[in-house]
Every structure is written in structure tokens, then in C-alpha cells.
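Below, each chain spelled out in residue letters.
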Amino acid sequence: MWRRPDGRALVSTVDFFPPVVDDAETWGRIAAANAAGDVYAMGGRPLFALNVVVWPKDRLPLDLLAAVLAGGAAMAQEGGWGVVGGHTTDGPEPVYGQAVTGEVQADRLMRCGGAESDQSLVLTKPLGTGIITTAHKRLAPGDPALGGEVFEAAVTEMCRLNDTASTLASEAGVTGATDVTGFGLLGHLQEMCAASGTGAVVHAAEVPLLANVTTLAAAGHVPGGTGRNLDAVRSHLRFRHREQGSDTALLNILADPQTSGGLLLACPPGVAGDLVGALTSAGHRAAVIGETTGSVPAGKIELVPES
């Protein structure tokens, strides 16, 4: 972030990854939505972006790349930012994303370290995109554990911009926020708590999930990054009941790396209910999933069992 003398601030971010779906244009849309996530998490709006591409030109036709770029451009148009150029290089597997620059009013800035104790934690999208896309790669077409509607619901969420959620959060006076992406819910929440000097409680039963995620996680369809996420955050976890620490499927869901995930918002007292209502009316599966608290040591997370 770069603060300007006129009270505005510029935000610059970049993200890119290999395909997570079969359709090239949809992959482009998802990658562009994901790349803009950090701008929205700070309460900003994207202004313009540069495409970032690695393409195995001797293995994949360029018309597929054109479809990817068209998807990215369509998402940018939906979000109101321009794609003004970019860079392409040859490589062993396709990778696509965007480097996005946006702006935010400095007096309405939302920061990862902006949470305070005794605030409600609101999550604006359901979890499970990493588990579902992993299962999609592994399971045979038509497998009942991953019906078409399950995967399509995940794609819908990955293509959903965080622009409305960001605007509603900013209007509600939220100052503590982060997007939930590669480090999973637990990793990003722990980062927020450590930066803000507070602890947090998460009520597992309140965390919104995509359909069939619990079943798929229990069956072992877990991305490789999940284990790394848990290794990084495990020492910062405590459990309301000791047996909850052995619930592998639950921990894998809460540490699931998200693609184009939602926002995690620390809301001032009395604001969360109205904010969730506004988000729900706008099409988000938002929920209050816990709270920040001084009764848990700073940088630590206490998990409350589902039942």
C-alpha cells in the first residue's frame, strides 16, 4: 500500500495459479476474481490490472489461452477495472493470474491488523473450494459424492467478487479484515489475531460450508497445502474440549486453502447481525462464526466443537 498526499492510498497485489476447473474461460474468471481479493479486503476498488501468464505453447493451443484471457477480461469488466497489458512466458504447465492495482480512502481502510477485542467475526463465503476442486480432479465423472450441483456451487462462489462484501463492510465501520485464500480460515484468522494483538474463538457449527465438503474431507480428498497450513497454525490452536483436537476432517476443512475465498471481517459490537443480513440479501452465504476476545491469548484461536 502507498499512501497519497490527497488522503487516498494505492494498493498493489498479484496472484496466479494453475487451472482449478476444466473450462479455460471459467479459470480466467476465477483467477481474476481471486487476484482482486486483497484490494477488496482493504476496502478498496480495483483500478487496472496486468495479466500474468505462463503457457506451454508447444503443448496447448493458443486459442485456449485466448479463452483464459477472455475470462479474466470479463471478470475485470464485471468488477470495473481495466486490463491494460501483461506478460507471457513459456513454461511446463499453464499458470494465469493478474497483478491488480486499486485505491482506497485512507480513512476507510480495512487492515489485517485492524481487529479489536470483543468483536464479531463474520465470514462472507462458505469454505471448501480446495477440497471440492481436489475431489473433482480425483473422482470419476458422475461420482455421486461430487454431483454436478456440488462442483457448480463451488465454481459460483469462486467467481463471486468480494466487491459488494467489501463495500458493505466499509459502510458498517469494519476496520479489521482479510480475505481467506491459500492459508485457509485458520491461517488467515491467526494472522489477523497476531497482527491485532487479540485472540479469537471460532464456533465450528456456525462456519458455512459448501455442500458435501464434510463427506469429501472425511474421504481424504484434501489438497496438499492443507497439511502445511495445519503445521503452521497448530501451535496457535486450543480446543474447548480436548477430543475436538482429534477431529481430522474438521481441521482439514478449517485449514482448506481457498481459491477466491470470502472476506473475514472483525465487526464492531452490534453491527454483525445487520451486516450478515445485508450480505445475505446480496447473495452471500455469510455468517457470524465467532468473536475476538481478550480471554484467549493474543495470536491464539480457540475452537468450539460442532456439538
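One can find the structure itself at the top, above this paragraph.
None of the values given here were measured: they were computed from a predicted structure.

Peer 1: Could you give me a rundown of the pattern of salt bridges, with the residues and numbers involved?
Peer 2: This structure, assessed with the given rule, holds six salt bridges. In this structure, the salt-bridge partner of E103 is R45, at a minimum N-O distance of 2.8 Å. With E103 in strand β5 (residues 95-105) and R45 in strand β3 (residues 45-55), the pair connects residues that are 58 residues apart, well separated along the chain. Between E157 and R160 there is a salt bridge whose closest N-O contact spans 3.2 Å.

Peer 1: Give me the sheet that holds strand β10 (residues 263-267): which residues, what numbers.
Peer 2: Strand order across the open sheet formed by seven strands is β7-β10-β6-β11-β8-β12-β9, with mixed pairing between neighbours. In this open sheet, the two strands that pair with only one neighbour each are β7 (176-179) and β9 (237-239). Each adjacent strand pair in this sheet contributes to an overall mean axis angle of 25 degrees, direction not counted. Summarising the sheet, strand β8 (residues 199-203) and strand β12 (residues 301-304) pair through four bridges and their orientation is parallel. Counterpart to A200 in the pairing with β12 is I301. Sheet strands in contact with helix α11 (residues 272-281) are β6 (120-123), β10 and β11 (287-293), and its direction is about 5 degrees off that of β6.

Peer 1: Please provide a residue-by-residue account of the packing of aromatic side chains, values included.
Peer 2: Two aromatic rings are characterised by how far apart their centres lie and by the angle between their planes. Throughout the structure, instances matching the rule amount to one aromatic pair. Ring centres of W27 and Y96 lie 6.3 Å apart, and the angle between their planes is 85 degrees; this geometry places the pair in the edge-to-face category. Here W27, found in helix α1 (residues 24-35), pairs with Y96, found in strand β5; they are 69 residues apart in sequence, far enough to count as distant. We classify Y96 as buried; its relative accessible area is 1%.

Cut-offs and rules
- Along every chain, residues carry numbers that run from 1 in the direction the sequence is written.
- Where totals are concerned, whole chains, interfaces and linings use all residues; where local detail is concerned, this predicted model gives features only for residues with pLDDT of at least 70, and gives and counts side-chain atom pairs only at 80 or more.
- Only hydrogens and water are set aside; all other atoms, that is, all heavy atoms of the structure, feed into the side-chain values.
- Within this document, salt bridges are pairs made up of a side-chain nitrogen of Lys or Arg and a carboxyl oxygen of Asp or Glu, the two lying within 4 Å of each other.
- Counting from the N terminus, the helices are DSSP H or I runs at least four residues long and the strands are E runs at least two residues long.
- One bridge is not enough; two strands pair if DSSP finds at least two bridges between them.
- Comment: axis = line fitted to C-alpha atoms, over the contacting stretch for helices; angle = value between 0 and 180 degrees taken between N-to-C directions.
- Here, residues are in contact when the closest pair of their heavy atoms is within 4.5 Å.
- Only rings of Phe, Tyr and Trp enter the pairing, Trp through its six-membered ring, and a pair is recorded when the two centres are within 6.5 Å. The plane angle decides the type: under 30 degrees is stacked, over 60 is edge-to-face, the rest tilted.
- Each residue gets one of three labels from its accessible area relative to the maximum for its type: buried under 20%, exposed over 50%, partly exposed in between, using a 1.4 Å probe on protein chains only.

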